[in-house]
Amino acid sequence: MIEHPEVDVVTVGAGWTAGIAAQQLTAQGLTVVSIEKGRAQWTWPDFAHNHDELRFTARHELMHEIERETWTWRPNDRMPSLPMRQYGAFHPGSNVGGAGVHWSAVMWRFLPTDFDYLSHHTERYGRDLLPDGHSNQDWPVGYDELEPHFTQFEVDTGMSGQTGNLNGEILEGGNPYEGPRSRPYPLPPLAPTRAGLRFAEAAEALGYTPFVQPSSILSEGYTDMSGEPRAGCVYCGFCTRYGCHVDAKSSALTAHIPMALDTGRYEIRTRCYVTRIPVDDTGLATGIEYLGPDGREHFQPARTVLVSGYTMSNVRLLMLSTSDAHPDGIGNARGQLGRNATHQIWQQPTIGRFDGERFNTYMGNTSTSHAIYDFAGDVFDHSGLGFIGGGQLFADAGERLPIGTVEGIPTAQGEGAETADGEPREWGQAFKDRIRHWDSYIPITMQAESPAYEFNRFDLDPTYTDFLGRPLLRITFDWTDNERRMYAFIAERAMEIMDRMQPTARVDNPEIEPYNVVDYQSTHIQGGAIMGTDPSNSVTNRYGQVWDAPNVVVTGAALFPQNPGANPTATVNALMYHTLEAMREQNYFRAPGELLS
């Protein structure tokens, strides 16, 4: 095994949180190495000519290689698990910058009640409304404590949006339900789409409050924390699954990683595959073991290990890092590792076709669509509804590219337009007629939360292994009646909005589709190494430090006790800022391994 010189911090992967940590820690004179399984990539030249749907969307150029390591899934513990052979429900990233390079860049702050979830719902409705078998719990950190870090991240990277709540004052045009902001968004919102305006007009007529979604895509030129000016969005429509060719979409590549590299104290080793976190006799981590691009085993000693990969990669690495000190894996002394696995509801309750109208849906993306938050979280009264939780609705139009265009178009009416099973015909004149409407349909999408349950969890699969012969991570997950009732209630509101939009034809989906790993359901899988108040209810403390190995720090959405119905990146990165502030103020690196208070 090749042993390298010791550094202060080694990170698993080189994505958003690793980049933030590298930038802040190297600025303090510390040394950082990132072990990245993918390749190096930069705005120039890698994204200069990348508008290739076949390469990036169909063949997953920027994503994790599932032929080397995939996941298995089963709906419950009475069913056998099977491995994912091709991409479907979620799209983890690979390469320098991680999934934060090919993301849509929609950037929500979670609601204040998302953080005191259990106590809030219990106090308002009593315990009877909580679903059977739930394992929801409060976060050990609240919105007010994270607010300065949300704000700092938004200023550091550039963010576009319309402020809805400034220091408690509700402002017209923004999200009236968002938590109080101490500063407005650095930039105005992106230009809205025609489809979004059609949705907003109908929603407003029904008494709801539409607004353009907040985004980490720059609406105009901006100089970020690096001091480098960046261009505003050109609305090309190649965002999700693509790097941004004009650098308008923020990622770890735009500021944090380049600034860290400029110090000379940061190194990224690409094409390296982390296999294990070794520990000493006391159970503290000594570094990272990995397989290098030379095919040889390497050991990178470090005083602190940052477990900063994708949610499920982090959980699996902790499980695989067994030793005498941690016989069931790091952070698993009390069986907490793998708990509270959650995923989001991402489905389309209704799709409308508007014959004779064009919406220019090849431009923009989700960030340029209007949304409503009137049914998100607990902003509406759940009394008598039989469920907890909520979700946002938005007009999902943009990034409509040639290969994916045929999906979701409401079928033409009349004989021969559908098969005997009621599915749109995929051949002949009916198919051609349907394709002619590629720019004339608007889906209304629901992004909704996923409460945590005792029976939804991650563990190591006893049957299937990766390319090194090690167990894959097994996902045991399914919706419950709580989510089915939540979906049906919000879907009915979506269909009422579509009524107002007066489509020529439509497809309604009043009931939630069964959970599966084939249909895309957002990449927002969360939990598995959750944070909490003590080792009896969590894997880590409020800063992501593993209770029984405090110099192992988990970052990202694996820390979330349950899954709010919003994109998680803002909270992921605010938590990273929060942890780094505590490390700095409490002089953590004087004695790594002690718990921050």
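Thresholds, definitions, all that
- Residues numbered from 1 in each chain as written.
- Predicted model: local features only at pLDDT ≥ 70, side-chain atom pairs only at ≥ 80, totals over all residues.
- Heavy atoms only, no water.
- Phe/Tyr/Trp six-rings, centres within 6.5 Å; stacked < 30°, edge-to-face > 60°.
- Helix = DSSP H or I, 4+ residues; strand = E, 2+ residues; numbered from the N terminus.
- Buried < 20%, exposed > 50% of the residue type's maximum accessible area, 1.4 Å probe, protein only.
- Pairing = 2+ DSSP bridges.
- Contact = heavy atoms within 4.5 Å.
- Axes fitted to C-alpha atoms, helices over the stretch in contact; angles between N-to-C directions.
- Polar contact = N/O pair within 3.5 Å; in protein donor to acceptor, adjacent residues only side chain to side chain.
- Salt bridge = Lys/Arg side-chain N within 4 Å of Asp/Glu carboxyl O.
- Expected span 1.5 Å × (residues − 1).
- Parallel < 35°, antiparallel > 145°, perpendicular 65-115°, else oblique.
- Left-handed = near helix turned anticlockwise from the far one by under 90°.
- Nonpolar A, V, L, I, M, F, W, Y, C, P; charged D, E, K, R; others polar.

A. Representation of the packing of aromatic side chains in the model. Per the counting criterion, the structure on display carries 30 aromatic pairs. With a centroid separation of 6.2 Å and 75 degrees between ring planes, the pair formed by F110 and W139 is classed as edge-to-face. Remark: W139 occurs in the loop between α5 (117-125) and α6 (143-157) and F110 occurs in the loop between β5 (82-83) and α4 (112-115); sequence separation between them is 29 residues. Side by side, F110 and W139 carry an identical accessibility label, which is buried.

B. Fine view of the sheet that holds strand β16 (residues 370-372). One open sheet accounts for six strands, arranged β8-β16-β17-β18-β15-β21; its pairing is antiparallel. This sheet does not close on itself; its edge strands, each paired only once, are β8 (211-212) and β21 (505-508). Two strands pair when backbone bridges link them, and strand β15 (residues 345-353) and β21 are joined in this way by four bridges, in the antiparallel orientation. Residue pairing for β21: T350 is matched across the bridge by D508. Here helix α7 (residues 194-205) sits on the sheet and contacts β16, β17 (391-395) and β18 (441-448); the angle it forms with β16, its principal contact strand, is near 30 degrees.

C. Representation of the environment of H256 within the structure. Here H256 is to be found in helix α8 (residues 256-262). Given the relative accessible area of 0%, H256 is considered buried. Spatially, the C-alpha atoms of H256 and M225 are 8.3 Å apart, while their sequence positions differ by 31 residues. Here H256 is in contact with W16, G19, I20, Q23, F153, T157, M225 and Y577, once residues within four sequence places are set aside. There is a polar contact of 3.1 Å between the side chain of H256 and the side chain of Y577.

D. Highlighting the pattern of salt bridges. Applying the stated criterion across every chain yields a total of 25 salt bridges. When the shortest N-O distance is used, the salt bridge between E65 and R68 registers 3.8 Å. R68 sits in the partly exposed class, given a relative accessible area of 33%. Two residues, R181 and E154, come together in a salt bridge whose shortest N-O distance is 3.1 Å. You can see R181 sitting in the loop between β7 (169-170) and α7 and its partner E154 sitting in helix α6, a full 27 residues away along the chain. Considered together, R181 and E154 belong to a single accessibility category, that of buried residues. Salt bridges linked by common partners bring R109, E147, E154, E178 and R181 together as one network.

E. Representation of the pairing of strand β14 (residues 297-307) within the structure. For β14, the tally of buried residues reaches nine of 11 residues, placing the bulk of the element in the interior. Judged from the two bridges that link them, strand β1 (residues 2-3) and β14 form a sheet pairing that is parallel. Paired with E3 across the strands is F299, a residue of β14. Bridging between strand β2 (residues 7-12) and β14 involves four bridges; their strand directions are parallel.

F. Main features of the pairing of strand β13 (residues 287-291). Burial analysis of β13 places four of its five residues in the buried class, which makes it a mostly covered element. Pairing geometry for strand β12 (residues 273-276) and β13, over three bridges, is antiparallel. Pairing of V274 across the sheet is with Y290, part of β13. Hairpin connection between β13 and β14: a loop of five residues separates the two successive antiparallel strands, and G295 in this loop has a positive phi of roughly 80 degrees.

G. Quick peek at helix α1 (residues 16-27). Between its terminal C-alpha atoms α1 stretches 17 Å, which fits the 16 Å expected from 12 residues at 1.5 Å a residue. The buried fraction of α1 amounts to 11 of the 12 residues, a majority that puts the element mostly inside the structure. Residue G29 follows α1 closely and has a positive phi angle near 90 degrees.

H. Looking closely at the sheet that holds β5. Read across the open sheet, the four strands follow the order β5-β4-β20-β19; overall the sheet is mixed. Single-partner strands in this sheet number two, and they are β5 and β19 (457-465). Both strand β4 (residues 71-74) and β5 contribute to a ladder of two bridges, which runs antiparallel. For T72, the partnering residue across the bridge sits in β5 and is P83. Against the sheet, helix α9 (residues 311-320) engages β4, β19 and β20 (471-476), with an angle of about 125 degrees to β20.

I. Broad picture of the packing of α7 against helix α11 (residues 481-501). For the pair α7 and α11, the least separation of the axes is 8 Å and the interaxial angle reads 110 degrees. One element, α7, and the other, α11, form an angle in the roughly perpendicular class. Contacts between α7 and α11 involve R198, F199, A202, A203 and A205 from the first element and I497, R500 and M501 from the second.

J. Just the packing of α1 against helix α12 (residues 569-585), in detail. Closest axis-to-axis distance for the α1/α12 pair is 10 Å, and the angle between their directions is 30 degrees. Taken together, the axis directions place α1 and α12 in an arrangement best described as roughly parallel. The interaxial crossing formed by α1 with α12 has right-handed handedness. Within the contact between the two elements, α1 uses W16, T17, I20, A21, Q24 and L25 and α12 uses T569, V572, N573, M576, Y577, L580 and R584. Split into classes, the residues belonging to the contact of α1 with α12 amount to eight nonpolar, four polar and one charged.

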